[in-house]
Amino acid sequence: MGDLTQVRLLPVESGTGEPDLTEQEIALIVTTGGGRYVGLSQNIPGRMETVILFASPQTETTLGLRMSRFNVAAVRERIAKSDELFAKAAAG
């Protein structure tokens, strides 16, 4: 499928303004970003956008990203920040 680090998600004409991705595609992006796909919380039109849920392989903490921020780099960044917070807490 190529280098997914550069994939940009484009909204579709579905009325939600969110990218039209299958769950397999979402899981692949999470895996490429270094996480373990957990699931998603579906959008509520006008109230909440879809949230992608994934876990850090190091801490098993469940993390989330809004669909509008969801990409490989954002998954990596969220895992790194979470793992760093856990390491600081364990150290002191």
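See above for the structure.
Cut-off values and rules
Residues numbered from 1 in each chain as written. Predicted model: local features only at pLDDT ≥ 70, side-chain atom pairs only at ≥ 80, totals over all residues. Heavy atoms only, no water. Helix = DSSP H or I, 4+ residues; strand = E, 2+ residues; numbered from the N terminus. Buried < 20%, exposed > 50% of the residue type's maximum accessible area, 1.4 Å probe, protein only. Contact = heavy atoms within 4.5 Å. Areas by Shrake-Rupley, 256 points an atom, 1.4 Å probe, with all protein chains shown as cover. Lys, Arg positive; Asp, Glu negative; His and termini not counted. Salt bridge = Lys/Arg side-chain N within 4 Å of Asp/Glu carboxyl O. Pairing = 2+ DSSP bridges.

Enquirer: I would appreciate a short explanation of the overall build of the chain in the present structure.
Expert: Looking only at helices and strands, one finds two helices and three strands in the chain. Of the regular secondary structure in the chain, the N- to C-terminal order runs α-β-β-β-α. Within the span of the chain, comprising 92 residues, buried residues form 30% of the whole. Considering only intrachain contacts with a sequence separation of at least 6, the fraction spanning at least 24 residues in the chain is 35%. As presented, the chain carries roughly 6,000 Å² of accessible surface, and 52% of it is formed by carbon and sulfur atoms.

Enquirer: Is there a simple way to explain the environment of Ala-80 in this structure?
Expert: Within the secondary structure layout, Ala-80 lies in helix H2 (residues 72-91). Note: C-alpha distance between Ala-80 and Ser-56 (24 residues apart in sequence) is 8.5 Å.

Enquirer: Help me understand the side chain of Asp-83 in this model?
Expert: Tracing the backbone through its elements, the reader meets Asp-83 in helix H2. One buried charged residue, Asp-83, forms no salt bridge at all, with the nearest opposite charge on Arg-78 at 8.6 Å. Ignoring anything within four residues of it in the chain, the contact list for Asp-83 reads Ser-56, Gln-58 and Thr-59.

Enquirer: Teacher, can you tell me more about the pairing of strand S3 (residues 62-66) here?
Expert: In regular strands, side chains alternate between the two faces of the sheet. Alternating positions in S3 separate cleanly, Leu-63 and Leu-65 being buried on one face and Thr-62, Gly-64 and Arg-66 remaining unburied on the opposite face. Bridging between strand S2 (residues 51-55) and S3 involves five bridges; their strand directions are antiparallel. In the strand pairing of S3, Leu-53 is matched with Gly-64. Hairpin connection between S2 and S3: a loop of six residues separates the two successive antiparallel strands, and Glu-60 in this loop has a positive phi of roughly 65 degrees.

Enquirer: What is the right way to look at the pattern of salt bridges in this model?
Expert: Two side chains of opposite charge can pair, provided their charged atoms sit close to one another. Per the counting criterion, the structure on display carries four salt bridges. Ionic pairing is found between Lys-88 and Glu-84, a salt bridge with its closest N-O pair at 3.2 Å. Here the residue Lys-88 and the residue Glu-84 both occupy positions in helix H2, the gap between them amounting to four residues, near one helical turn.

These results come straight from atomic positions and should not be treated as a statement about function.
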